[in-house]
Amino acid sequence: MKAQAERAIADCRRIARMTEEPGRTTRRFLTEPTHAVHALLRERMEALGMKVSVDAMGNLRGRWRPNGAQAKRLVLGSHIDTVPDAGAFDGVLGVMLAIEWVGIARELRLPLAIEVIAFSEEEGMRYGVPFLGSRAVTGTFDAAMLKWRDADGVTMDAAMRAFGLNPAKIKAAAIGDDVIGFVELHIEQGPVLEAEGLPVAVVEGIMGQTRLNLRFTGQANHAGTTPMRLRRDALAAAADWITKVEKQIRKAAVTTDPGIVATVGRITVEPNAGNVIAGSAEVSFEIRYGSSAARHRWTKKLVADAKAIAKRRGIGFEWEQKLDQQTVRMDRGLSTMLKSAVKACGYPVRSMPSGAGHDAMVMAARVPTAMLFLRSPGGISHHPTESVLESDVLTSLHVGREFLLRMAKAVG
Ligand code: GLV
Ligand code: MN
Ligand code: MN
């Protein structure tokens, strides 16, 4: 299986060069380089004898149905969109490994039907909401979003049509009751497995998250002539709020709500000029924590803080919620099967929660779902230095073999 592990890594590196921005990996939902990714995935899948199609949300789907297979299929997959200046393995490795798992099932002649899905959108970069691909697959996509616009003013509907898709057919992307379960392989994106010297872990559950957009509106004006006391500086108001967020959540993380995290990762300033007081500042906000009650309590408190800051500074303030995703537990039966596969490969069985969001969160509400994490060297992800060890990829293929044998037996 060494050759397959090498191929999976080489494919991820190749796909990382399919990008919107020369010199760095950025591949947002349905942007041009996604066509090249689809072409490579199609080639790999067809070489195995899989039937390939693209659904109306742009998810690439490959079906493997050997002779004598059960009617119900196992679904495997992850996403192929990326954050800006991404690494090569977040999402993409899970897709390549899913294809390699099909190769293993084929070699073992298992009578197991498998569908591999390369989800078109998970990161939420282009339209501010994540999981568009898995929402379509689970029949939970809200068609009202088709009118939303990206930063260039392109509606989701127009983006889909430009890619060659028909938004009227999104409903047909949904899976029926003929799916046994969903398994996603993904890099850990954190430091735990490396610290413990382990190659893989089975995910227990995925942390809930809430995402907002907030807009502070002041008055753009001349930076040289406007006295400090007469300014309505939107950027200063946003900065005031951001530091308040960090201060309070840092404290909560070691007192009332252990491990809670909140992030402001994007700020868009208008007119964004050194000699003009900022007229508006739009910021992203996300907060992740297992307890929905605590997440909602903090969201309410921090929005109230933002309102108070804006009021004190004579600044306008608006906000909207983009996401409120509950914490989800992975399926016990499917996770037990994965753990048994890890054990059969001679590794300690480690289970852990995921702080990162995954398509598995959305799939879990529809079908039994499990996840396998692979160690992330340096704990680095969402960064070009993100990597994976070839030996861990090999381990994940051995785990796949054991898992698929068990799965074929269970459904046979
Ligand atoms: C996805 O990578 C997320 O957790 O934001
Ligand atoms: Mn990611
Ligand atoms: Mn991911």
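This text follows the structure it describes.
If you're wondering where the values come from, they're calculated on a predicted model, not measured in any experiment. (Residues numbered from 1 in each chain as written. Chains lettered and ligands numbered in written order. Predicted model: local features only at pLDDT ≥ 70, side-chain atom pairs only at ≥ 80, totals over all residues. Heavy atoms only, no water.)

Description of the coordination of the manganese ion (ligand 2)
Those protein atoms acting as donors to the manganese ion (ligand 2) are Asp90 (OD), Glu123 (OE), Glu123 (OE) and His382 (NE2), and they sit at 2.0 to 2.7 Å. In the primary sequence, the donor residues of the manganese ion (ligand 2) line up as D-x32-E-x258-H. For the pair the manganese ion (ligand 2) and the manganese ion (ligand 3), the metal-to-metal distance amounts to 3.5 Å, and Asp90 bridges them. Of this pair, Asp90 sits in the loop between strand 3 (73–79) and helix 3 (92–107) while His382 sits in the loop between strand 16 (369–374) and helix 11 (390–411); the two residues are 292 residues apart in sequence, bridging distant segments of the chain. With a relative accessible area of 7%, Asp90 lands in the buried category. What makes His382 partly exposed here is its relative accessible area of 40%. (Donors = N, O, S within 2.8 Å, 3.2 Å for Na, K, Ca; no water. Helix = DSSP H or I, 4+ residues; strand = E, 2+ residues; numbered from the N terminus. Buried < 20%, exposed > 50% of the residue type's maximum accessible area, 1.4 Å probe, protein only.)

A closer look at the coordination of the manganese ion (ligand 3)
Geometrically, a metal with four donors at the corners of a regular tetrahedron has ideal angles of 109.5 degrees, and one with six donors at the corners of a regular octahedron has ideal angles of 90 or 180 degrees. Around the manganese ion (ligand 3), the protein contributes the donor atoms His79 (NE2), Asp90 (OD) and His186 (NE2), at 2.0 to 2.2 Å from the metal centre. All donor residues of the manganese ion (ligand 3) come from one chain, and their arrangement in sequence is H-x10-D-x95-H.

Regarding the nonpolar core
Side chains of a nonpolar character, in soluble globular proteins, are inclined to be buried together. Core analysis: the largest hydrophobic core is formed by 59 residues, its most contacted members being Leu41, Trp101, Phe403 and Leu404. Element by element, the count of residues in this core is highest for helix 3, at 11 residues. In this structure, Leu41 is in contact with Ile15, Leu60, Ile80, Val95, Met96, Ile99 and Ala118, ignoring residues within four places of it in sequence. Residues Trp241, Phe285, Ala294 and Leu302 belong to the second largest nonpolar core, which totals 25 residues. (Core = buried A, V, L, I, M, F, W, Y, C linked by side-chain atoms within 4.5 Å. Contact = heavy atoms within 4.5 Å.)

Considering the pattern of salt bridges
Under the definition given, this model contains 30 salt bridges. Two residues, Glu390 and Lys2, come together in a salt bridge whose shortest N-O distance is 3.1 Å. One end of the pair, Glu390, is in helix 11; the other, Lys2, is in helix 1 (residues 2–16), with 388 residues separating them in the sequence. With a closest N to O distance of 3.9 Å, Glu43 and Arg44 form a salt bridge. (Salt bridge = Lys/Arg side-chain N within 4 Å of Asp/Glu carboxyl O.)

Points about the packing of aromatic side chains
Per the counting criterion, the structure on display carries six aromatic pairs. Measuring from centroid to centroid gives 5.3 Å for Phe216 and Phe317, while their planes differ by 45°, and the two rings are tilted. Note that Phe216 is positioned in strand 7 (residues 209–217) and Phe317 in strand 13 (residues 316–325), a separation of 101 residues in sequence. Accessibility classification places Phe216 together with Phe317 in one group, the buried group. Through successive ring pairs, a cluster of aromatic residues spans Phe216, Trp241, Phe285 and Phe317. Lying over the aromatic face of Trp148, Lys322 brings its terminal NZ or CZ to 4.1 Å of the ring centre. (Phe/Tyr/Trp six-rings, centres within 6.5 Å; stacked < 30°, edge-to-face > 60°. Lys NZ or Arg CZ within 6 Å of the ring centre and 35° of its normal.)

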